[in-house]
Every structure is written in C-alpha cells, then in structure tokens.
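Coordinate inspection notes
These are the residues of each chain, in order.
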Amino acid sequence: MSHRRGLRVAVLAAGALGLAGTQGIAVAQPDPAGPARPAPRTAAPYSAATAADVPPAMLKAMRRDLGLTEAQAKKALVNQFDSGVTAGKLRLRLGGDFAGSWVSGRTAETLHVATTDPARTAEITAQGARATVVGRSLAELTAAKAKLDRAAAREAPSHSPVWYVDVQANRIVVLSSAPDEARAFAKAAGVDAAEVTVKRSAIRPRTYYDLRGGDAYYMNGSGRCSIGFSVTRGGTPGFITAGHCGQPGTTTSGYNQVQQGSFQGSSFPGNDYAWVATNGNWSPVARVNGYGSVQDPAVSGSTVAQTGSPVCRSGSTTGWHCGTVQQLNTSVTYPQGTVSGVTQTNVCAEPGDSGGSFISGSQAQGTTSGGSGDCRSGGTTFFQPVNEGLQVYGLTLYTGTSNPPDDPPDDPPSGTWAAGTVYQVGDVVTYNGVGYKCIQSHQAQPGWTPENVPALWQRA
C-alpha cells in the first residue's frame, strides 16, 4: 500500500487502526437453570455467527500467516468463541482447583482445562474439554509470578526480560540469556525453584517507537505511533494507545499534521496503556484500518481470547499480520523498565506499530506494546490488554450504534449491571431481579445485557 493510500484510510477510520469481524445475528437461548424466558427483541450480539463473519482482509492475513484455508480460518474463530464460553464456565465451577486453559489444533478445535483435583476431571470432560491434572493451581502460579513482578519493580533484570505463567507446563517460565542469574533472581524474589523453568533465550524486547514517516499519528509533531481503538469518556471522543508513546500533555496531530488532541493519561513502564482525547476535527468510529480490504472491519466488543487462539494486528508500519496468542499475563523487561500483565504472541511487528490494534474476530484484544524480530524474519510481540486501560481511565470502547434495542422498554432495567463496565470472570451482577456471574472477561456494551448474551453471563 502506498503512503498516500494508507493515510487516506487512516483518517477515514478516525485514527482507529485494528481488525475485527462484521456483525451477525444469533438468538439467545433460555438458561436451563431457570424457567424459559421470551427471546429478547434484540438478537444476541456476540455469538458464533459473528465470530465467523469476518472481512476479507482478516481472512487473507490468516491464510498468509497461519497457513489456513478460508474455511479453516472461519472455523478457528468459531472454535475460539465456543472454547471461551466453556473455559469461562469451568473456571467458575472449579474455583480454586482451576489451573488454566488453552486450545490446540490447526483450527483451535480442542480445549484443554487443567485442574489440581483428579476428582474434578469428570466435570471437565462432561463439557467436551480435555482434562489435565497438575500440581499447582492458576492462583498459586499467578501469586508466584507476582513475586517476580515486585522484584523487577525494584530492579529490572536485564538478563531475563520475559517471564510468564505457562499453564500447559504448570510452571513459571523465565526467558534469560544468563540462566544462572535468572535462577538467582527468582530465588531472591522468594519463588520456589520447583515452580520455575528457565529457558535460555536471546530475546531483547524493545518498544515499537520511532521517528520515521508513514503515520497513524504524530506526537508533538515528530514521533509516530499507531492508534489502537476508538473510545469515549463521557462526551469526549478519543483513542487508546501505548503508554510509551507519550505522557499526559503530549500533543498529537493526524496524518496530515492537523491538530488532533493530547494525551490525558499514560502509564509506562509497569503498564503500557494511554488514552488521547481528540478535538472536533476527529470523530470516533467503530471501524479500523483494514489495510487493503474494501470495507474496513468493525469492532463490537473486548472479550478476551484464550491462549492458543488466532489473533491479528494492525499497525501503521507493517499493516495486517496474524498469529496466535501464546501466553496471557506475561511480564517483559524493556530498556525503560518492566511491564507486567501483557499478552505474548507470535505476530510480527516493527517500530511505528506501537499502540496499534490487536484483535480476534470482532473482539478488541489490546494495543501493541513491543517485542523482538521483524516482519521479514518473524518475531515475538506483546500487547497490552485493552480492558485494563479502559477500566483504569473510565473509557468506553466505541462500538457505534450496533445492537440498539428495537424499542425502549416501558420500565428501565434494574440491577447492578451497567454498560461500559469492565467485568472479570467471576464478577456477580444483578439484572431485572436475577443474579448473573461473568464467564468471560469483557467490557459491557449497550444491548449486551446478561439475559441477552449467554456467552458472557450465566445465572448465579
């Protein structure tokens, strides 16, 4: 794509660079735990149908980067949807015995769920997943990783820039160029040696920030990063991006150097998220730059993808590239410091892609943070999960006017559920007198009420 064409698409997308599927329709089913309820007038907005309904640009990238046929790519996205629902329900049922979940297979067709209690395997297999019995729960491994995070906050280990919870191995994995020093780092942090595997690695992550041309947006008229997703806060439009791209007060301009807005909040290192409020020259849209697609893809939500799921990235330097989610809740040390809670992928990226969109199907996943390698030889890229930044800054992911109710109800709904709130697995809400538990992490969107989206909620 030429520089001019890329810029034209970027401004039409109001600065939102990403990839998502277009919207489909599915009808919510009655909850078997209670009496049948009339089908809502608004069809379920997040379903297997929407997962499979993706634009040509995404399918093309998945074929290129994952070696899938079009049918396989669509099947992988549907399988991702199904596995996310099942894994979320099992995580709630297993409670403290839950030890993580992941998918495998060419089209992500097999869901694996680990547990510390052999007696719980029947519950797992009854849901169509493969059960694995391990020695440590996810909560225990997460607590061990948190010790490394706290130690890195005091002094980041340059020899060991990446560590994460590997649910398949049921251990903490540390990538290091100096294994002995890595083991010493873990010991000093108070982590049991039996919980840690050190892997020799030459990985040297860096943030994707540069001063080259071919923009998504400019900071203070010079540096360039990529826009993540359109957001709103109250009546103020803007976008979410990488924290290392700017500090509060940093001004931004669009592709044509027309004044755009300024950074309102930023966190880096520690985290890598930020948000920019834009002026009246720029309007949020629920679409992202498709880099060659006839119709730019739409964004409809932010439900978190499972480890092993396909994911695609959009950035102003390299456009669309796809791969898989390798590890959730990863910590990575850049020259500027350690960032915790990012997601590791095998999607390539290059300088200038920072802040750009990571998306799976129609679901926003996060914004490009940094990594190693490039799009000629391949590499590892980390993204900051989008829901954390939305929650911290009180932002709402912009999804346009999708899923409006056909007619407003005579009586407004009651309860604690609220659109715009970021919900985590296990959170409990009430809606019209009924209690629900969240089974997949997401930001609630208008129309995504608990009774209307059984893929995200189950009755408590």
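What you see is a predicted model; the values in this text were computed from it and never measured.

Let us look at empty space enclosed by the protein. With the rule as written, the count across this model stands at 4 cavities of 30 Å³ or more. Approximately 60 Å³ is the volume found for the largest cavity. Every residue lining the largest cavity is listed: Tyr46, Ala51, Leu77, Gln80, Phe81, Ser360, Gly361, Ser362 and Gln363. Broken down by element, the lining of the largest cavity gets its largest block of residues, 3 residues, from helix H4 (residues 70-94). Here the residues of the lining of the largest cavity sort into 4 nonpolar, 5 polar and no charged.

The next subject is helix H3 (residues 56-66). Along H3, the residues that are buried comprise Ala57, Met58, Leu59, Ala61 and Met62. Lining the buried residues of H3 we find H4, strand S15 (310-315), strand S16 (319-334) and strand S18 (357-360).

Moving on to the side chain of Ser201. Relative to the helices and strands, Ser201 resides in the loop between strand S6 (196-200) and strand S7 (206-207). The class of Ser201 is buried, set by a relative accessible area of 18%. For Ser201, the side chain forms a polar contact with the main-chain nitrogen of Ile203, separated by 3.1 Å. When near neighbours in sequence (up to four residues on either side) are disregarded, Ser201 contacts Leu175, Ser176 and Ser177.

Here we come to the pairing of strand S19 (residues 363-374). Moving residue by residue along a regular strand, the side chains alternate between the two faces of the sheet. Counted residue by residue, S19 has 11 buried out of 12 residues, so it is predominantly covered. Inspection of the sheet shows S7 paired to S19 by 2 bridges, in the antiparallel sense. Residue pairing in the sheet places Arg206 in a bridge with Gly371 of S19. Relative to S19, S18 runs antiparallel, the two sharing 4 bridges. Its bridge partner lying in S19, Ser360 is registered against Gln363.

Attention shifts here to the packing of aromatic side chains. In total, this model carries 10 aromatic pairs according to the counting rule given. Summarising the aromatic geometry, the rings of Tyr46 and Phe81 are spaced 4.9 Å apart at their centres and angled 70 degrees between planes, so their arrangement reads as edge-to-face. Here Tyr46, found in the loop between helix H1 (3-12) and helix H2 (48-52), pairs with Phe81, found in helix H4; they are 35 residues apart in sequence, far enough to count as distant. Exposure class is identical for Tyr46 and Phe81. Each is buried. Relative to Trp448, the ring of Tyr46 lies with its centre 5.8 Å away and its plane at 10 degrees, an arrangement referred to as stacked. Residue Tyr46 is located in the loop between H1 and H2, and its partner Trp448 is located in the loop between strand S25 (442-443) and strand S26 (457-459); the two are separated by 402 residues in the primary sequence. Accessibility expressed as a relative area gives 0% for Trp448, which makes it buried. Through a chain of ring-to-ring contacts, three or more aromatic side chains come together here, namely Tyr46, Phe81 and Trp448.

The rules we used
- Residues numbered from 1 in each chain as written.
- Predicted model: local features only at pLDDT ≥ 70, side-chain atom pairs only at ≥ 80, totals over all residues.
- Heavy atoms only, no water.
- 1 Å grid on protein atoms, 1.4 Å probe; cavity = no way out; pocket = protein on both sides within 12 Å on 5 of 7 lines; lining within 4 Å.
- Points joined across faces, edges and corners; volume = space filled by probe spheres on them.
- Helix = DSSP H or I, 4+ residues; strand = E, 2+ residues; numbered from the N terminus.
- Nonpolar A, V, L, I, M, F, W, Y, C, P; charged D, E, K, R; others polar.
- Buried < 20%, exposed > 50% of the residue type's maximum accessible area, 1.4 Å probe, protein only.
- Contact = heavy atoms within 4.5 Å.
- Polar contact = N/O pair within 3.5 Å; in protein donor to acceptor, adjacent residues only side chain to side chain.
- Pairing = 2+ DSSP bridges.
- Phe/Tyr/Trp six-rings, centres within 6.5 Å; stacked < 30°, edge-to-face > 60°.

Functional significance is not addressed by these values, which are geometric in nature.
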